[in-house]
Amino acid sequence: MLCPRVVAYRDVTREVASAMSKLASTLAGVLAEALLGHKNAPGVERERFPEGCDETTCFLRLNRYPPCPLLPDTFGLVPHTDSDFLTVLCQDQVGGLQLMKDSRWLAVKPIPGALIVNIGDLFQAWSNNRYKSVEHKVMTNATTERYSVAYFLCPSYDSPIGTCREPTPYMPFTFGEYRRKVQEDVKRTGKKVGLPSFLV
Ligand code: OGA
Ligand code: NI
């Protein structure tokens, strides 16, 4: 039998994942439609976007950043872009998230009750770079631990990512091919290369 705290944890996690899933799908749909134009416009097919995403392919990540009095990036998150369509992030009040804007790191200040939404690599590819996958990182706090919850809107590995409109600067790829290439590049170069590896 599961102890009540584990059951409560499971139930809350499910509830959060389900709410974030609805939000992520709605936002992705609205952002896609903004690029496609009206759904009934001639020559424009408004498929259910993004295709191939469901509760078995998306995931929730619970992050805990222990306090670190030494170097703030020791136990943080290294600079990266997310390899998904879109990320919904809930951070606590400690702060430490930074994003790259105009070649500078910008602190994303916690706002009570606010969620953060990041465009991921797949949306950048699908949108022909109209939407940008934002580079971000986390610096740890010297004295206070930090928690965040991130929901990643990902398709199944065999899903083609496609494009909102031809011509596209990227060669065709599935999510599985993208993940494999990212891992290969990290092994080979020590860094994620991401979308530039898929330019035509
Ligand atoms: C991530 C991420 C940011 C945060 O999990 O990919 O960027 O604030 N998290 O924890
Ligand atoms: Ni991230």
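The name recorded for the protein chain in an unreviewed UniProt entry is Fe2OG dioxygenase domain-containing protein, from Eleusine coracana subsp. coracana.

**Q** Summarise the pairing of strand β4 (residues 97-101); cite the residues concerned and give the values.
**A** Bridge analysis of β4 against strand β7 (residues 136-138) gives three bridges, and the strand direction is antiparallel. In the sheet register, L97 faces β7, and the bridge partner there is V138. Relative to strand β5 (residues 104-107), β4 is paired through four bridges, and the arrangement is antiparallel. Bridging across to β5, Q98 finds its partner in A107. Counting the residues in the hairpin turn of β4 and β5 gives two residues, including D102, whose phi is positive at 50°.

**Q** Give a detailed account of the UniProt feature "domain: Fe2OG dioxygenase" (unreviewed entry) in the protein chain, specifying residues and quantitative values.
**A** UniProt feature "domain: Fe2OG dioxygenase" (unreviewed entry): in the numbering of this structure it lies at residues 54-155. For the annotated span residues 54-155, helix accounts for 6% and strand for 40% of the residues, and the straight-line distance between the end C-alpha atoms is 7 Å.

**Q** Give a detailed account of the side chain of T174, specifying residues and quantitative values.
**A** Tracing the sequence through the fold places T174 in the loop between β8 (146-153) and α3 (175-189). In this structure the side chain of T174 is engaged in a polar contact, spanning 3.5 Å, whose partner is the backbone oxygen of Y157.

**Q** Lay out the coordination of the nickel ion (ligand 2) in plain terms, naming residues and giving numbers.
**A** Around a metal, the perfect tetrahedron of four donors has angles of 109.5 degrees, and the perfect octahedron of six donors has angles of 90 or 180 degrees. Within the first shell, the nickel ion (ligand 2) binds the protein through H80 (NE2), D82 (OD) and H136 (NE2), at distances of 2.1 to 2.2 Å. Owing to a relative accessible area of 6%, D82 belongs among the buried residues under this scheme. The class of H136 is buried, set by a relative accessible area of 7%.

**Q** Outline the sheet that holds β5, listing residues and values.
**A** Here we have four strands laid out as an open sheet, ordered β2-β7-β4-β5, and antiparallel in their pairing. What marks the edges here is a single partner per strand, and that holds for β2 (77-80) and β5. Neighbour-to-neighbour, the strand axes of the sheet open up by a mean angle of 25°, direction not taken into account.

**Q** An account of the site of ligand 1 is requested, with residue identities and associated values reported.
**A** Around ligand 1, the structure places 13 residues, and the nearest of them are R61, Y65, H136, R146 and S148. N63 places a polar side-chain atom, nitrogen or oxygen, 3.3 Å from an oxygen atom of ligand 1. Compared with its free state, where it exposes 290 Å², ligand 1 has 98% of that area covered by protein. For the shell around ligand 1, the elements supplying multiple residues, two or more each, are β1 (59-65), β2, β7 and β8. Looking at the shell around ligand 1 residue by residue, the class counts come to six nonpolar, four polar and three charged.

**Q** Go over the sheet that holds β8, please, and point to the residues and values.
**A** If you walk across this open sheet you meet the four strands as β1-β8-β3-β6, and the pairing is antiparallel. Of all the strands in the sheet, the pair left with one neighbour each is β1 and β6 (116-119). Looking at each pair of strands side by side, their axes are set apart by 20° on average, direction ignored. Inspection of the sheet shows strand β3 (residues 86-91) paired to β6 by four bridges, in the antiparallel sense. By the bridge assignment for β6, V88 is matched with V117.

Calculation criteria
- Residues numbered from 1 in each chain as written.
- Chains lettered and ligands numbered in written order.
- Predicted model: local features only at pLDDT ≥ 70, side-chain atom pairs only at ≥ 80, totals over all residues.
- Heavy atoms only, no water.
- Pairing = 2+ DSSP bridges.
- Helix = DSSP H or I, 4+ residues; strand = E, 2+ residues; numbered from the N terminus.
- UniProt positions renumbered as here; feature names shortened; annotations may be inferred.
- Polar contact = N/O pair within 3.5 Å; in protein donor to acceptor, adjacent residues only side chain to side chain.
- Donors = N, O, S within 2.8 Å, 3.2 Å for Na, K, Ca; no water.
- Buried < 20%, exposed > 50% of the residue type's maximum accessible area, 1.4 Å probe, protein only.
- Axes fitted to C-alpha atoms, helices over the stretch in contact; angles between N-to-C directions.
- Near = heavy atom within 4 Å.
- Areas by Shrake-Rupley, 256 points an atom, 1.4 Å probe, with all protein chains shown as cover.
- Nonpolar A, V, L, I, M, F, W, Y, C, P; charged D, E, K, R; others polar.

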